[in-house]
Each structure stands twice: as structure tokens, then as C-alpha cells.
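What follows is each chain in one-letter form.
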Amino acid sequence: MELKISLLTKDFQDTKAVNRVSCTMGNGVYGLLGINGAGKTTLMRMLCTLVRPSSGTITWDGKDIFEMGGEYRKLLGYLPQDFGYYPDFTVYDYLLYIASIKGIRPAAAKKRAETLLKQVGLSGVKNKKMKKLSGGMKRRAGIVQAMLNDPKILILDEPTAGLDPNERIRFRNLISELSQDRLVLLSTHIVSDVEYIANEILLMKEGSITLADTPENIISSMPERAWSLLVPRAEMGHYLKNYKVSNVKTVPQGVRMRILSEKRPNADAILEEAALEDVFLYYFGEKEGAGDDEI
Amino acid sequence: MMKYEIKKVFSRTGSKFAILLLLVVLGITCWLAAGVTYVNNSGVTETGFSAVRQLRSVKKEWAGLLDEEKIRAVIEENGRIASTPEAQSNDYRQNDIAYSWKQGFSDIRDLLNYAYADGFREYNYYKADSLTTDDAKNFYQNRIVLLQSWLDEEAKDQFSDAEKSYLLNRYEALDTPFIYDYSEGWHRLFQYSPTIIMITMLILGYLVAGVFSGEFQWKSDAVFFTSFYGRNKAVTAKIKAGFYIVTAVYWVTVFLYSCIVFLYLGIDGAGCPIQADMAGWKSFYNITLWQEYLLIVAGGYLGCLFMAFLTMLVSAKTRSTVIAVIVPFALIFLPSFIGGMEGPVISKVLGVLPDRLLQVSNALSYFELYRFGGKIVGAVPVLLIMYGILAIILLPMIYYEYSRKQIS
């Protein structure tokens, strides 16, 4: 089982939303990490056959996914970033409808919906209208619909967007739970969403995959190291101007900073273990979560 | 799948409101259609079911073959009443008393006004009062004579010779003398049928406008199109849902409307030709009232199907419910905009616009003719066949359009 992307490009008028992306994915969790506007959503939409590429191919076990049509979509579970639903449907009706368009027989659909609702903790609200659910509950209903057909490929576009920290942790654990024996591709601009659950991270910038590897390898590939230092408040500007600063914390003695640098920034700086968040800062040159609108 | 598509439509508050509005309009239309009045011997106007009963009773006295003898009897009785002091009085209350005596044959009296008019397009309410019993023999012949002279003079450039000959043949082909009967139920039903069918069509347009665009509006398009059936069976289910909604809502409305009007006013006169009433006197379609009913409801159904499918196509193409909703309104009101223009081509175009399907009762009285391979036909069969075919053609177009949608 292999999803192979070869030289995939998508042009929108003058913009290259996705530019010659190539990679191969098998079973496991893949974290597609990039700032807003990096092209993650466009890439995912092509993987879901929603948008045709301008050039390049996507194959599943050697077959073009656009030619496979329904055969490919049968293997697919997708939770879009802008997850839409039918506001006046109950959660249960919504799931049974999605099951019907996924080609699942009613009896099997009911059983599957019940199991998944229980798994995500929504059994108690299955007869509530979708519009009455909280943001987190809607997202969980979203993951249930994506999982209804027990997909071999699960694509989740910014699944934690707009969730509070508790819901985010819950969702992350849920994804981890559901990731067995399937390919899960999860896009986010929040590093912590994928840091601990992804087997492989794909760093996407300006339409291209700039780096693809395990979190450990990606961290070790970073030429700069992470330093922690305490500086007088008056010197903070100097460090902000001359270094990539991943964190600033005001303390009574001055300012504690976390800096990325090949060389020790000052004599008192303490070498820290680099994290994925530092890699994000290194490659994208800005802090996670900042950026432009989605492409 | 289809069950949920229908549920999606009716779960919207706007749809519930639209159905409620349809029921209100249906109620009002039935009330208007049933608004029969009867003037009693004291000249007082009565309404309600007793008025219907009495009107039916007096009209039934004149029911039967409308032959020369009966025409003579009507002319005689009308003349007798017209010469009474009540009829000649300047007091309208006295006139009402005189009218009450004429009610039984008022339909036939209207036919006399047309049959003996000074011209094909003339109508004089008092013409019947000036007739003598000797005129009775020309009743049916006059219908043809008036048409002939109109075609020769006023409408000489409006029709080709073949068309003129066709119209005359249709007039001559009418079986005479024909049967007259009390048929208030049919006429009142026909009179308000364009209103109820048009409102039903607009509401159906509103209901189905979101069938396709709704997915984009709710942002559920991505999940829909990535599902196994998202680009085939699920699209078919949407089309089927639209078809079933149109079929169910239309036929339930027509059934309720027909039942209420017929139960109240009766179905007497079903076998009478449409020419036995002033509304159909000039029609060249030689059909009976129940056949006209079938044409009206079939035309309305085809019109609703065509408009609904067109709305669904626009909904699928534009992804906009608002634009889709405008389609039926535009098609209904388009003739009002181009109606001011004159000319044989415009007239022919107007004759086959879809709004005509919603008002077949009116189309039956229009002289709109079309020629196909040397054969001349009226607008009504053209409308039924053409829009039946167009409605079917729209189906693969909707499917093709929606199943290939991309989410940008």
C-alpha cells in the first residue's frame, strides 16, 4: 500500500499553490507542517481528488487516483479544514447519510456509527442536531464521518483548528488511536499537533516540501542549536534582531530567551535539546501559527 | 441516500415556511374558486354551499343537448324576461330580480352573445336580448362564419392559407349540437388553476434550488465529493430527490385543489365540450372539460418539472441557491417583458414559453399554430412534447455538471 506523489503542481492563475511536490507514503501518521498559505490544503484536496493537478501524478499502489475514481474514494476518509455539515440533521442522521454516500449498507452503517460515536465520546449527543454541538464535538463528529468506511487513507486538514487546548489534546490522542493499519496525513501549523504522534513530518513551504523525515531526524538535521539564556531587558532588542528567537519570557532578573544559533550567543547561554518547534522556526523563519491566509 | 436528500430540503426552516405558504395560497385559491354566488327570487345575492346547490339546480333545468330547439327556448325566455318591468326598471334591485330568472341559462346566454356578435372579437352583453327565435338555427354556423370573416379581414396577414384552413377545419369538426350541463366545478377550477400551479412552481423552484448548491453553502461539498458515491450515485440521488419533491408536492397540491373544488361545486359536465362555456367557445381544440383538466394538470406538471430541473442545473452550475431561485421567477415574468413587442415571430415564441405550460387553460383559447413537416398543430401539444423532452434532456446535463465539480 503506497500513495505516491510525483512532481505534483497546481497553478492558480499566477500562483503556484503546489510546486513539484514528490513523496511516497505508506502506513503511519504523516504530519504536514507549514505556515498558513504554504499549500497544504491544495495538496490535500488533490490527494482527495477534489482538485485536479496542473501537472504531476498521484498514484495508489501504482494506479492513478483520478482514474481509479470511486475505487480510490472507497479507501479514503477526509476531514476538511472547513468541515461543513447539515445543520438541521441530528448527529446520527448525518452519519447515516454520509455512510450511505460512502456505499455502506444501512445495518453496517448503524453499527459502525454507534461504535465510532462511543469511541469519540459522542454517544450521548447522537440525537442532537449538528448545529447544537460545540466546536470540539463537531470536529469529533467530523472524524467519525471520515472513519465510517474504515479508510485506508485518512486525510485530516487542520483538524485541531479552533479547538481549545483540552479538545486539542483529546483530538490528538484520538488520531493516534485511529492511526493503526492506515495512512494518516494530518496537516497543521501547530507543531505540537504532530510532534508526538507523527512517524514522519513533511515540512511544506511556498508550495514545496522542503523536508520530509522522522521528527528525530528533522530535529537533528537542523544546523543550528537551541540555546537558553538570561539577558538584561535592555539587551533583548539586540537578540531579537540578530537571532531566531523561539521564546521570550520576562522574569524578575531580566528576560529568559530561547535562541537558535550555530554558535553560543553569549558565554552564559545553556545548550538545550532542540525540539520540532525550533525546526519550524528555523525553516519558516517565523513562529508557528503566524502567517497569511490559507491557499 | 435519496431519503436523506429529501430530508435535507425539508429540514430547512425556509422550506417549512414555503410549504406553509403553499398551504395558505391553496386555501385562499380554493376559497376564491368556491366563491359561487346565487341571486334568489328577491334579488338578494346568496353565497356558500346553499348558493352552489341552488345554482346547480336552476342550471340543471337547461342541461342537455344544446340544439336549435333549446337555443330557441333560451332566446324566447331571455326575451320574455328582458321585457318584464323588473328587467326594464332603473332600480338595480329590480334588475337583480330579473337576473335571478336568467341564472339557469346564463351560460347559454353568454354563448349567444358570442355566437351572434358583430365580429369575431366582439362581445356585447345585451346582444342576446336583441335576438329572435328565427336566429336559433344559425347558432353553430355563426361560430364558423365569424371566424371565416375574421381570418379574411382582420387576421388576414396573421396566418398562412394552410393555417386558416386548419382553423376552419377544426371549427367545422366540432360535434354539434353539443351537450350543455351545469359545469361550475370545472370552470372555477380552470379559472384559478394558473394561480395555484404558478405558485406551486415558484415554491418548488425554491425547494429544489438548494439541492446542489446547498453542499457548497453548508461547506459539506468536500466530504460529499470524496465519498465513494460522491460523483455518481449520490448525484443521481439528488436528481431523484428533486424529481420526487416536484412530483409529490405538485400532485398533492393538485389533488387537494381538485378535491376541494369538485367536492364543493361538483364534477357535473365532465363530458361537455369546452366550447359549451364562453371561455372555450372560440377554442379550436375540440376536447371535453375533463380532457381540458388532464391537459391543465399534465401541462402544469411538465412545467414544474422543467422549471425545477432548470433551477437544479443552475444550482449545480453556479453553486448559488440565490441565482437558482431567480430562474423560475425570470421564466415566468419574461413574457411580460417581451409581451409588449409585436410580430408573428414574437407571437410564436411567446406561445411556447414555459409559462404557458402553467396556464394551459388560457393557452387553449389562443390561436397559436406551429408547422412541423407540413403538419399544423396548436401550441398545447407542442408545449407538452417539447418541455417533456427538454425536461429529460436536462437530467444528464445536471448529472454531468455536478459530478465533475472541482473544489477550488
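Being a predicted model, the structure only gives us computed values, none of them experimental.

### With respect to the overall build of chain B
In terms of regular secondary structure, chain B is built from 17 helices and six strands. The dimensions of chain B, computed from C-alpha atoms along their principal axes, are 80 × 50 × 35 Å. Here chain B, with 408 residues, has 56% of them falling under the buried criterion. For chain B, the computed accessible surface area is about 18,000 Å², with 61% contributed by carbon and sulfur atoms.

### Observations concerning the overall build of chain A
Each helix and strand counted, chain A has 11 helices and 14 strands in total. Relative to a compact globule of 295 residues, whose C-alpha radius of gyration would be 19 Å, chain A shows 21 Å and is just as compact. With the principal axes as the frame, chain A shows a C-alpha extent of 70 × 45 × 35 Å. Evaluated residue by residue, chain A yields a buried proportion of 55% over its 295 residues. Considering only intrachain contacts with a sequence separation of at least 6, the fraction spanning at least 24 residues in chain A is 67%. On chain A, roughly 13,000 Å² of surface is accessible, and the fraction owed to carbon and sulfur atoms is 45%.

### A few points about the domain arrangement of chain A
Each assigned domain of chain A is listed with its residue range as follows: domain 1 (3–215) and domain 2 (223–273). For domain 1 of chain A versus domain 2 of chain A, the distance between C-alpha centres works out to 38 Å.

### Section: the nonpolar core
Most often, soluble globular proteins keep nonpolar side chains buried together rather than apart. Residues Met25, Leu43, Tyr94 and Leu185 of chain A together with Phe139 of chain B are the most contacted members of the largest nonpolar core, which totals 224 residues. The greatest single-element share of this core, amounting to 18 residues, is contributed by helix α13 (residues 289–318) of chain B. With near-sequence residues (within four places) excluded, Met25 of chain A lies in contact with Met1, Glu2, Leu3, Ile5, Tyr30, Leu47, Leu183, Leu185 and Leu202 of chain A. One finds Leu229, Val231, Val245 and Ile259 of chain A within the second-largest nonpolar core, a separate group that totals nine residues.

### Describing the pairing of strand β9 (residues 200–205) of chain A
Residues and elements named next belong to chain A. Relative to β9, strand β3 (residues 28–33) runs parallel, the two being bridged by four bridges. Bridging across to β9, Leu32 finds its partner in Leu202. The sheet contact formed by β9 and strand β10 (residues 208–213) spans five bridges and is antiparallel. Residue pairing across strands places Ile201 opposite Asp213, the latter belonging to β10.

### Describing helix α11 (residues 276–284) of chain A
Those residues of α11 of chain A that fall on the buried side of the exposure criterion are Leu276, Asp278, Val279, Phe280, Leu281 and Phe284 of chain A. Positioned one or two residues after α11 of chain A, Gly285 of chain A has a phi angle of 70 degrees, which is positive.

### Focus on the packing of helix α7 (residues 106–115) of chain B against helix α8 (residues 139–152) of chain B
Helix-helix packing: each pair is described by the crossing angle between the helix axes and the interaxial distance. All names here are of chain B. Between α7 and α8, whose axes approach to 9 Å, the crossing angle comes to 40 degrees. Viewed along their axes, α7 and α8 adopt a mutual orientation that is oblique. Contact residues: α7 offers Leu111, Leu112, Tyr114 and Ala115, while α8 offers Phe139, Asn142 and Leu146. Of the residues that constitute the contact of α7 with α8, the class distribution is six nonpolar, one polar and no charged.

### Observations concerning the packing of aromatic side chains
Note on aromatic pairs: each is described by the distance of the centres and the angle between the planes. Applying the stated criterion across every chain, the model contains 46 aromatic pairs over all chains. Relative to Tyr244 of chain B, the ring of Phe243 of chain B lies with its centre 5.4 Å away and its plane at 70 degrees, an arrangement referred to as edge-to-face. Given a relative accessible area of 31%, Phe243 of chain B falls into the partly exposed group. Pairwise contacts between aromatic rings join Phe83, Tyr85, Tyr86, Phe89, Tyr94 and Tyr97 of chain A together with Tyr4 and Trp218 of chain B into one cluster. Above the plane of the ring of Phe228 of chain B lies Lys74 of chain A, whose end atom (NZ or CZ) is 4.7 Å from the centre. Across from the ring centre of Phe89 of chain A, 5.9 Å away, lies the NZ or CZ of Lys7 of chain B, which sits over that ring.

### Structural notes on the pattern of salt bridges
Tallied over the entire structure, the rule returns 31 salt bridges over all chains. We note a salt bridge from Glu158 of chain A to Lys40 of chain A, for which the minimum N-O separation is 3.5 Å. In this pair, Glu158 of chain A sits in the loop between β7 (153–157) and α7 (165–178) while Lys40 of chain A sits in helix α1 (residues 40–47), placing the two residues 118 residues apart along the sequence. A single network of salt bridges, built from pairs that share partners, joins Glu5, Lys8, Glu215 and Lys238 of chain B.

### Focus on the packing of helix α12 (residues 233–265) of chain B against α13 of chain B
All names here are of chain B. Contact geometry for α12 and α13: axes closest at 10 Å, N-to-C directions at 150 degrees. As judged from the angle between their axes, α12 and α13 are roughly antiparallel. When the axes of α12 and α13 are compared, the crossing they make is right-handed. Every residue of α13 that contacts α12 at Lys238, Ile239, Gly242, Phe243, Val246, Thr247, Tyr250, Trp251, Val254, Ser258 and Phe262 is listed here: Tyr293, Ile296, Val297, Gly300, Tyr301, Cys304, Leu305, Ala308, Phe309 and Met312.

### Points about the domain arrangement of chain B
Residue and element names in this part refer to chain B. Assigned domains of chain B: these are domain 1 (2–33 + 182–403) and domain 2 (38–180). The centre of domain 1, based on its C-alpha atoms, is set 34 Å off from the matching centre of domain 2. Facing 23 residues of domain 1, the contacting portion of domain 2 comprises 31 residues. Here domain 1 and domain 2 share an interface that buries about 2,800 Å² over both sides, 66% of which is from carbon and sulfur atoms. Our enumeration of links across domain 1 and domain 2 arrives at three salt bridges. For Asp268, the salt bridge identified is with Lys60, shortest N-O distance 3.0 Å. Summed over the shared surface of domain 1 and domain 2, the result is nine residue pairs in polar contact (both at pLDDT 80 or more). It is strand β6 (residues 375–378) that provides the largest number of residues to the side of domain 1 that touches domain 2, a total of three residues.

Rules of the game
- Residues numbered from 1 in each chain as written.
- Chains lettered and ligands numbered in written order.
- Predicted model: local features only at pLDDT ≥ 70, side-chain atom pairs only at ≥ 80, totals over all residues.
- Heavy atoms only, no water.
- Helix = DSSP H or I, 4+ residues; strand = E, 2+ residues; numbered from the N terminus.
- Buried < 20%, exposed > 50% of the residue type's maximum accessible area, 1.4 Å probe, protein only.
- Areas by Shrake-Rupley, 256 points an atom, 1.4 Å probe, with all protein chains shown as cover.
- Rg over C-alpha atoms; globule rule 2.2 N^0.38 Å.
- Contact = heavy atoms within 4.5 Å.
- Domains from an automatic or database assignment.
- Core = buried A, V, L, I, M, F, W, Y, C linked by side-chain atoms within 4.5 Å.
- Pairing = 2+ DSSP bridges.
- Axes fitted to C-alpha atoms, helices over the stretch in contact; angles between N-to-C directions.
- Parallel < 35°, antiparallel > 145°, perpendicular 65-115°, else oblique.
- Nonpolar A, V, L, I, M, F, W, Y, C, P; charged D, E, K, R; others polar.
- Phe/Tyr/Trp six-rings, centres within 6.5 Å; stacked < 30°, edge-to-face > 60°.
- Lys NZ or Arg CZ within 6 Å of the ring centre and 35° of its normal.
- Salt bridge = Lys/Arg side-chain N within 4 Å of Asp/Glu carboxyl O.
- Left-handed = near helix turned anticlockwise from the far one by under 90°.
- Buried area = accessible area lost by both parts, 1.4 Å probe.
- Polar contact = N/O pair within 3.5 Å; in protein donor to acceptor, adjacent residues only side chain to side chain.

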